[in-house]
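The residues making up each chain are set out below.
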Amino acid sequence: LYKFRSFLMQNVGVSPELPRRRDRPLILFSQWSSRRSFDFEPFAEFVQEKFRNTVEVRLVEFREMDLDEQIALVAEASMLVSVAGGGTFTAMSLPRGASLVLYYESDVTELGQGDLPPEEQEKNPARLDYDIWNNVGYLRTHWLPFHNISQPVHGPGPIFQALVRQELDVMEKQGY
């Protein structure tokens, strides 16, 4: 899949060897990029406040950018946070070792409840993204559920906070 990344980038006129930012990690939040999006502003504010001068945080509306601009920006990032869906395709251009945090819609409201009955499963999205993103071996992909798109997560919860801390620790050890 990394070869596909290079092919994709070359075909939109972006160098696949575009260097990742080394001064401090760039963390992108995909804001309102698909119909399943919700407001990531509280998440971006949390990361910016908690990690002040050690990271650069940007809220991005990819739908307002040309494809080559999207790919070039994502290629510089160390982490992309988005809602799973077609809008996450540009995550393919993340550099080797970057983190991808995907929120997905789930009708299971508490951890450990197990699978939904078959009649309820038909109402849920197919989660086709799961297969591709879990097999992109050059990225660290993380999945976080949210219950209802009309009542999205209100700010970063403890799992998101711990995940960002852990990923920034990994990045520091890897020299980004």
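Conventions and cut-offs
- By convention here, each chain's residues receive numbers from 1 onward along its written sequence.
- Residues qualify for local features only when their pLDDT is at least 70, as the model is predicted, and side-chain atom pairs are given and counted only at 80 or more; totals for whole chains, interfaces and linings, by contrast, use all residues.
- Heavy atoms throughout the structure, all of them, feed into the side-chain values; hydrogens and water do not.
- A run of H or I in DSSP counts as a helix once it spans at least four residues, and a run of E counts as a strand once it spans at least two, with each numbered from the N terminus.
- Each residue's exposure class comes from its accessible area (1.4 Å probe, protein chains only) as a fraction of the maximum for that residue type: buried when under 20%, exposed when over 50%, partly exposed otherwise.
- Here a residue-residue contact requires only that any non-hydrogen atoms of the pair lie within 4.5 Å.
- Areas reported as accessible are Shrake-Rupley estimates using a 1.4 Å probe. Residue values count occlusion only from the protein chains shown.
- Buried Ala, Val, Leu, Ile, Met, Phe, Trp, Tyr and Cys residues form a nonpolar core when they are joined through side-chain atoms within 4.5 Å.
- A strand pair is defined by DSSP finding two or more bridges across the two strands.
- Only the contacting stretch of a helix is used when fitting its axis, a line to C-alpha atoms as for every element, and angles between N-to-C directions run 0 to 180 degrees.

Caption draft 1: Structural context of the overall build of the protein. On a plain count of helices and strands, the protein comes out with 6 helices and 5 strands. Starting at the N terminus and walking to the C terminus, you meet the elements of the protein as α-β-α-β-α-β-β-α-α-β-α. Counting over 176 residues, the protein shows a buried share of 43%. Sequence-distant contacts, at least 24 apart, represent 70% of the contacts inside the protein between residues at least 6 apart. Accessible surface for the protein amounts to roughly 9,600 Å². Of this, 49% is attributable to carbon and sulfur atoms.

Caption draft 2: Geometry of the nonpolar core. Counting 24 residues, the largest nonpolar core has Leu28, Phe62, Leu80, Leu94, Leu100, Trp133 and Leu139 as the members making the most contacts within it. Of all elements in the fold, only helix H1 (2-11), strand E1 (26-30), helix H3 (67-75) and strand E4 (99-105) reach the threshold of two or more residues within this core. Among the elements that take part in this core, H3 stands out by supplying 4 residues, more than any other. Sequence-distant contacts of Leu80, that is, excluding residues within four places in its chain, are made with Leu28, Ser30, Phe62, Ala91, Leu94, Ser99, Leu100 and Val101. Counting residues in hydrophobic clusters, the runner-up holds 23 residues, among them Phe43, Met79, Leu144 and Leu163.

Caption draft 3: Structural detail: the sheet that holds strand E3 (residues 79-83). Here 5 strands make up an open sheet; going across it, the order is E2-E1-E3-E4-E5 and the pairing parallel. What marks the edges here is a single partner per strand, and that holds for strand E2 (56-60) and strand E5 (140-146). Across the sheet, the axes of successive neighbouring strands diverge by a mean angle of 15°, strand direction being ignored. The pairing of E1 with E3 spans 3 bridges and is classified as parallel. Pairing of Phe29 across the sheet is with Val81, part of E3. Contacting E1, E3, E4 and E5, helix H6 (residues 158-174) runs over the sheet at an angle of about 170° to E5.

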